[in-house]
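# Residue-level structure breakdown
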Amino acid sequence: EPEVTQTPSHQVTQMGQEVILRCVPISNHLYFYWYRQILGQKVEFLVSFYNNEISEKSEIFDDQFSVERPDGSNFTLKIRSTKLEDSAMYFCASSENPTGSGQPQHFGDGTRLSIL
Amino acid sequence: GENVEQHPSTLSVQEGDSAVIKCTYSDSASNYFPWYKQELGKRPQLIIDIRSNVGEKKDQRIAVTLNKTAKHFSLHITETQPEDSAVYFCAGCGPNFGNEKLTFGTGTRLTIIP
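Residues numbered from 1 in each chain as written. Chains lettered and ligands numbered in written order. Predicted model: local features only at pLDDT ≥ 70, side-chain atom pairs only at ≥ 80, totals over all residues. Heavy atoms only, no water.

## Digging into the environment of threonine 5 of chain A
All names here are of chain A. Following the sequence through the fold, threonine 5 ends up in strand β1 (residues 5–7). Looking at threonine 5, the relative accessible area reads 40%, which means it is partly exposed. Residues threonine 5 and leucine 84, spaced 79 residues apart in sequence, show a C-alpha to C-alpha distance of 25 Å. Dropping the residues within four chain positions of it, threonine 5 is found in contact with Arg22, Cys23 and Val24. (Helix = DSSP H or I, 4+ residues; strand = E, 2+ residues; numbered from the N terminus. Buried < 20%, exposed > 50% of the residue type's maximum accessible area, 1.4 Å probe, protein only. Contact = heavy atoms within 4.5 Å.)

Laid out in structure tokens, this is it:
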């Protein structure tokens, strides 16, 4: 069964540094998402992406965050200047069609981001 | 925006008994409700989902029921097994294109007691 893949599995970074989290969505999927989960808490939406542009973003997704689909397979999340509170598990997800039409989102294994 | 509440936060069930987890949502326009199972340190894994034009859906030991009028939906696991132990999240999604986000509940830690 095809899967969403994410790299790295764990990223440790000094506060103030830039990080790029990488995702390869399922190949025929057209809708891409980033979520984050602070340890022990619920999964929170960050951003959705379709047709090479952001569809929606949450309040968490401020100017320090950006997303990009640099080629036909990768989908990246960049945090420009990391803060301690950015420490979390970041999940990428993808769906073939809009989730509102009943299409499930499939999640990757996540990247655990630790800010020191 | 959508708000999803989930109860209980923890649930312990004897092996073989049933477990029920309940969620309520605020946006009456929401039309898709998945349930995810998350084992420690792993990805949320879709276990069952339901669309708003259906009242109930079943897949072996797992079922989901939806009451649109009351804006709540529930996960039912029958004949529970130790491998059912995990955190379960409900979620909701609205119908509008450009609004594809899943809004998650706060999770239920289910423990199956052997």
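Next comes the rest of the description.
## Let's talk about the sheet that holds strand β3 (residues 19–24) of chain A
All names here are of chain A. One open sheet holds the four strands; their spatial order is β1-β3-β8-β7, and the pairing between them is antiparallel. Looking along the sheet, the strands with just one partner apiece sit at the ends: β1 and β7 (65–68). Between one strand axis and the next, the sheet turns through 20° on average, direction left out of account. For β1 and β3, the ladder comprises three bridges, and the chain directions are antiparallel. Opposite threonine 5, over in β3, you have valine 24 as the bridge partner. (Pairing = 2+ DSSP bridges. Axes fitted to C-alpha atoms, helices over the stretch in contact; angles between N-to-C directions.)

## A short note on the packing of aromatic side chains
For the coordinates displayed, the defined rule picks out 18 aromatic pairs over all chains. The interplanar angle of 55° and the centroid separation of 6.0 Å between the aromatic rings of tyrosine 25 of chain B and phenylalanine 73 of chain B together place this pair among those described as tilted. Remark: phenylalanine 73 of chain B occurs in strand β8 (residues 72–77) and tyrosine 25 of chain B occurs in strand β3 (residues 19–25); sequence separation between them is 48 residues. Three or more aromatic residues link up through ring pairs in this structure, and these residues are Tyr33, Tyr35, Phe45, Phe91 and Phe107 of chain A together with Tyr36, Phe89 and Phe104 of chain B. (Phe/Tyr/Trp six-rings, centres within 6.5 Å; stacked < 30°, edge-to-face > 60°.)

## Description of the sheet that holds strand β1 (residues 4–7) of chain B
Residue and element names in this part refer to chain B. Spatial ordering of the open sheet is given by β1-β3-β8-β7-β6, a layout of five strands whose pairing is antiparallel. Edge positions in the sheet fall to β1 and β6 (56–59), since each has one partner strand and no second. On average, each strand axis in the sheet is inclined to that of its neighbour by 15°, with strand direction left out of account. Sheet topology places β1 next to β3; four bridges connect them, and they run antiparallel. Residue pairing across strands places glutamate 5 opposite threonine 24, the latter belonging to β3.

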